[in-house]
Amino acid sequence: MHVELADSRDVGAAMQSPAAAISWENAITAGKSAGRTPHELKDALEALRAEIQLAEGTRARLFRPIRGPRRIRLPERTLGDKAARILLSRDGRTGYARRLNQVDLKDLIFCHPMRDFSRRHGQGNKPVAYFSRTVGDLVACESQHERRFAILADWHEAVAHIAAQPFTIDFPPDHELDSHTPDFAVISTSGAVVVVNVKWPSDAVDPDVVRRHEIVERLLARSGMQHVVWSGAPPVITENLANFAAARVPDTMMRDAAPKLLAAYRPGIRVRTLLEAVADMHHIPASTGLVVLRRLLWDHQLAVDMSALFTVEAELRRP
């Protein structure tokens, strides 16, 4: 992950749970595709983009009525079925079941969250919807902590898709666990799938939680999916990324201004100096130049020290 943090590029692992054997960044970049082909991934993502254009935001449950059924209708087990099942939904209303070896990329790319997101008085964690540039749509998060992970995943160059609450593992009736719904499934550009559970550091080391995640990890490995517990990253990093992600620049402005900012760049130049130079040479207002620059930082065309809060005094460098 290309982040300037005292020359370290693995920012998400900075507060990785001790229970996790590997950081999610390493898992997403080194993970195997388990037979999933780039062609299959490309076709599925293109079909998803077309679907999103027709119905934006549906995976964040924005259009679900307040009253009426709010739980996904799931298929019942057949008599004598004692195998673990993966339960998914393609519309957020009805579900279907897959065996562990049957789950494919289309299931994970077209899935809807398996739980509803609601706000209640006195609720500790308030759900939010984060617009992901990677997905091109809203990604539902049950808390600000989950949103911070979604921002990191969205910025990672090896991530091709992010799915929130992608499926529910339905354990057999006699199993010690009833069910488990992970927080995210992250799919890499090579087709590798990393399932992520987001926990606060104190919760991640709880023995019961560790035991649950060990069971989930072993089960998902049978379907070619890796499992990782993520417990946080330094707040300054996600604050900076949220700042960069919020830079919504029209394509025409980006095509016009971005090459001029990049041409004026010099190693170690400060943001303020770059903006002043572009304003003098091309009459681009500093406020406009700053928005375009934030977009360039999000797009990995320029970089700053992510261990410090981004300001106009930040020094720029190439990733």
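Look up: the structure comes first, before these words.
Residues numbered from 1 in each chain as written. Predicted model: local features only at pLDDT ≥ 70, side-chain atom pairs only at ≥ 80, totals over all residues. Heavy atoms only, no water.

Draft legend 1. Region of the structure containing the pairing of strand S10 (residues 225-230). Among the six residues of S10, five are classified as buried, and the element is accordingly described as predominantly covered. In the sheet, strand S9 (residues 193-198) pairs with S10 via six bridges, with the strands oriented parallel. Each residue of the ladder has a partner; that of valine 194, found in S10, is glutamine 226. (Buried < 20%, exposed > 50% of the residue type's maximum accessible area, 1.4 Å probe, protein only. Helix = DSSP H or I, 4+ residues; strand = E, 2+ residues; numbered from the N terminus. Pairing = 2+ DSSP bridges.)

Draft legend 2. Seen up close, the environment of valine 128. Within the secondary structure layout, valine 128 lies in strand S3 (residues 128-132). For the pair valine 128 and alanine 140, spaced twelve residues apart in sequence, the C-alpha separation works out to 6.2 Å.

Draft legend 3. Focus on the nonpolar core. Counting residues in hydrophobic clusters, the biggest one holds 85 residues, and the most contacted among them are Trp24, Ile109, Phe149, Phe167, Phe184, Leu241 and Leu316. Apart from residues no more than four positions distant in its own chain, phenylalanine 149 is found in contact with Trp24, Phe184, Val186, Val196, Val198 and Trp230. (Core = buried A, V, L, I, M, F, W, Y, C linked by side-chain atoms within 4.5 Å. Contact = heavy atoms within 4.5 Å.)

Draft legend 4. Unusual backbone geometry, seen in detail. One non-glycine residue with positive phi stands out, namely glutamine 165, at about 40°. Take glutamine 165: it is sitting in the loop between strand S5 (159-164) and strand S6 (168-170). A relative accessible area of 1% means that glutamine 165 is categorised as buried. Within the chain, histidine 283 stands out as a residue other than glycine whose phi angle is a positive 60°. Topologically, histidine 283 is positioned in the loop between helix H9 (271-282) and helix H10 (286-298).

Draft legend 5. The arrangement of the environment of tryptophan 230 in detail. Structurally, tryptophan 230 is set in strand S10. Each C-alpha atom, one on tryptophan 230 and one on histidine 145, is 10.0 Å from the other, the two residues being 85 residues apart in sequence.

Draft legend 6. A look at the pairing of S3. Residues Val128, Tyr130 and Ser132 line the buried face of S3, whereas the alternating positions Ala129 and Phe131 sit on a face that is not buried. Here S3 runs beside strand S4 (residues 137-141); their pairing, made up of five bridges, is antiparallel. Looking across to S4, one finds that alanine 129 is bridged to alanine 140. From the end of S3 to the start of S4, which pair antiparallel, there are four residues, and glycine 136 there has a positive phi angle of about 80°.

Draft legend 7. Fine view of the side chain of threonine 168. Relative to the assigned elements, threonine 168 resides in strand S6. Threonine 168 gets classed as buried once you look at its relative accessible area, which sits at 10%.

Draft legend 8. Highlighting the packing of H9 against H10. Running from N to C, H9 and H10 point in directions that differ by 125°, and their axes come no closer than 9 Å. One finds that H9 runs oblique with respect to H10. Note that H9 runs across H10; the crossing there is right-handed. In this structure, H9 uses Val271, Leu274 and Leu275 to contact H10, whose residues at the interface are Ala286, Gly289, Leu290 and Leu293. For the contact of H9 with H10, the per-class residue count stands at six nonpolar, one polar and no charged. (Axes fitted to C-alpha atoms, helices over the stretch in contact; angles between N-to-C directions. Parallel < 35°, antiparallel > 145°, perpendicular 65-115°, else oblique. Left-handed = near helix turned anticlockwise from the far one by under 90°. Nonpolar A, V, L, I, M, F, W, Y, C, P; charged D, E, K, R; others polar.)

Draft legend 9. Representation of the pattern of salt bridges. With the rule as written, the count across this model stands at 13 salt bridges. For aspartate 81, the salt bridge goes to arginine 99, with nearest N and O atoms at 3.0 Å. Taken together, the residues span a long stretch of sequence, with aspartate 81 in the loop between helix H2 (38-54) and strand S1 (85-89) and arginine 99 in the loop between strand S2 (95-98) and helix H3 (105-109) at a distance of 18 residues. Here arginine 99 falls in the partly exposed class, since its relative accessible area comes to 30%. One salt bridge connects arginine 211 with glutamate 176, and the closest N-O pair in it is separated by 2.7 Å. You can see arginine 211 sitting in helix H6 (residues 207-221) and its partner glutamate 176 sitting in the loop between S6 and strand S7 (179-180), a full 35 residues away along the chain. (Salt bridge = Lys/Arg side-chain N within 4 Å of Asp/Glu carboxyl O.)

Draft legend 10. Highlighting helix H7 (residues 235-245). By the burial criterion, the buried members of H7 are Ile237, Thr238, Asn240, Leu241, Phe244 and Ala245. All buried residues of H7 lie within an arc of 155° about the axis, which places them on one face of the element. Contact partners of the buried residues in H7: S3, helix H4 (144-155) and H10. (Arc of directions from axis to C-beta.)

Draft legend 11. Up close: the sheet that holds S6. Within the open sheet, the four strands sit side by side as S2-S1-S6-S7. Their pairing is antiparallel. For this open sheet the edge positions go to S2 and S7, each flanked by a neighbour on one side alone.

Draft legend 12. Layout of the side chain of aspartate 137. Secondary-structure assignment places aspartate 137 in strand S4. Here the side chain of aspartate 137 touches glycine 57 through a polar contact of 2.9 Å, landing on its backbone nitrogen. (Polar contact = N/O pair within 3.5 Å; in protein donor to acceptor, adjacent residues only side chain to side chain.)

Draft legend 13. Fine view of the environment of glutamate 214. Relative to the helices and strands, glutamate 214 resides in helix H6. A residue is classified by how much of its surface remains accessible, and glutamate 214, at 37% relative accessible area, is partly exposed.

Shape descriptors only; they carry no functional weight alone.
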